[in-house]
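Residue strings, one per chain:
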Amino acid sequence: MRNRRWVVIPAAGRGERFGGSLPKQYAKLGGRTVIEHTLACFAGVPGLAGIVVPLAADDKIFGKLTLPNLPVHTTIGGATRAQSVLAALEWLQNGPAADQDWVLVHDAARPLLARADLDALIAECEQNDVGGLLGVPVADTLKRSSGGQVHGTMRRDDVWHAMTPQMFKLGPLERALRAAGPEATDEAMAMEMAGVAPAMVRGSTDNLKITTVGDLLVADAILAAR
């Protein structure tokens, strides 16, 4: 029997670089909140058992949103993204999921995930049985700098921007994140530290992460063009 698929969308953060009175996942984009668009990206995905959204303990907004026709569960997240992901994985382990089920961890502030990219990631991960992530090759020249001066130029031939979703088996991912601690900046890095090589699946640059108000304006333009 094919392993089930779960989605984890950590949404407990405040997004302080975004500014404003609301976390960035609740900013308005095309008439809906950012996270409503993000959740809608997973509607109709075959074999999707449910979505888990770790929230801040004092969140009073999420329960008022219009959610997709999917099983959406919530749990209390942590102070960091990694802690929130672990909270969701623990909820799954203690409830409906199995150790070898797949988990797709996706940023709440990436509302423009293309279905074709999602399908490509799922197909690749289920074929290699390790997991992987979406990304795009770095196009810009990269410099090393300190003290306001350039101290070298990096080769960009094999350098990619990491994106989400990042897809791994539930049990191995939970164990890798716990072992990695705060050193791991994303799920793929935790899995690398555990000794495996995640697949890099090329995605679209439209799958941008909203960090600033400027990013929100770009996302709004992409959404309107679609």
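Residues numbered from 1 in each chain as written. Predicted model: local features only at pLDDT ≥ 70, side-chain atom pairs only at ≥ 80, totals over all residues. Heavy atoms only, no water.

Colleague: Got a minute to help me understand the packing of aromatic side chains in this structure?
Modeller: Within a pair of aromatic rings, the relevant descriptors are the distance that separates the centres and the angle that separates the planes. Throughout the structure, instances matching the rule amount to zero aromatic pairs. Here the guanidinium or amino end of K169 rests over the ring plane of W102, the centre of that ring lying 4.8 Å away. (Phe/Tyr/Trp six-rings, centres within 6.5 Å; stacked < 30°, edge-to-face > 60°. Lys NZ or Arg CZ within 6 Å of the ring centre and 35° of its normal.)

Colleague: Please clarify how the environment of L70 should be interpreted in this entry.
Modeller: Secondary-structure assignment places L70 in the loop between β4 (48–55) and β5 (72–76). A relative accessible area of 18% means that L70 is categorised as buried. Taking the C-alpha atoms as reference points, L70 and A40, separated by 30 residues in sequence, lie 9.3 Å from one another. Among residues more than four places away in sequence, those in contact with L70 are F42, A43, L48 and I51. (Helix = DSSP H or I, 4+ residues; strand = E, 2+ residues; numbered from the N terminus. Buried < 20%, exposed > 50% of the residue type's maximum accessible area, 1.4 Å probe, protein only. Contact = heavy atoms within 4.5 Å.)

Colleague: Looking at this structure, how should I read helix α4 (residues 170–180)?
Modeller: Helical geometry note: an α-helix holds 3.6 residues per turn, so side chains three or four residues apart project in the same direction. Buried residues of α4: L170, G171, L173, E174, A176, L177 and A180, and no others. Buried-residue contacts for α4 involve α2 (81–93), β6 (102–105), β10 (160–169) and α5 (187–193). G181 sits one or two residues past α4 and shows a positive phi near 65°.

Colleague: Even after reading the chapter, I still don't get the packing of α2 against α4, so can you show me in this structure?
Modeller: A packed helix pair is summarised by two numbers, namely the angle formed by the two axes and the spacing between the axes. Between α2 and α4, the least distance of the axes is 10 Å, while the angle of their chain directions is 140°. Accordingly, the angle class assigned to the pair α2 and α4 is oblique. Judged by the twist between their axes, the crossing of α2 over α4 is left-handed. Within the contact between the two elements, α2 uses V85, L86, L89, E90, L92 and Q93 and α4 uses L170, G171, L173, E174, L177 and R178. Considered class by class, the residues forming the contact of α2 with α4 number seven nonpolar, two polar and three charged. (Axes fitted to C-alpha atoms, helices over the stretch in contact; angles between N-to-C directions. Parallel < 35°, antiparallel > 145°, perpendicular 65-115°, else oblique. Left-handed = near helix turned anticlockwise from the far one by under 90°. Nonpolar A, V, L, I, M, F, W, Y, C, P; charged D, E, K, R; others polar.)

Colleague: Got a minute to help me understand the pattern of salt bridges in this structure?
Modeller: Two side chains with opposite charge may pair up if their charged atoms get near one another. Summed over the entire model, instances satisfying the criterion amount to twelve salt bridges. Its salt-bridge partner being R81, residue E187 comes within 2.5 Å of it at the nearest N-O pair. Of this pair, E187 sits in helix α5 while R81 sits in helix α2, placing them 106 residues apart in sequence. Look at E187 and you get buried, because its relative accessible area is 2%. Residue classification places R81 among the partly exposed residues on the basis of a relative accessible area of 25%. The residue E174 makes a salt bridge to R178 at a minimum N-O spacing of 3.3 Å. Here E174 pairs with R178, and both are found in helix α4, just four residues apart, close to one helical turn. (Salt bridge = Lys/Arg side-chain N within 4 Å of Asp/Glu carboxyl O.)

Colleague: How do you make sense of the side chain of D107 when you look at a structure like this?
Modeller: Of note, D107 is situated in the loop between β6 and α3 (115–128). Classification of D107 by relative accessible area gives buried; the value is 6%. In terms of polar contacts, D107 uses its side chain to reach the side chain of R81, at 3.0 Å. Among all residues touching D107, those that are not within four sequence positions of it are I9, T38, R81, T164 and K209. (Polar contact = N/O pair within 3.5 Å; in protein donor to acceptor, adjacent residues only side chain to side chain.)

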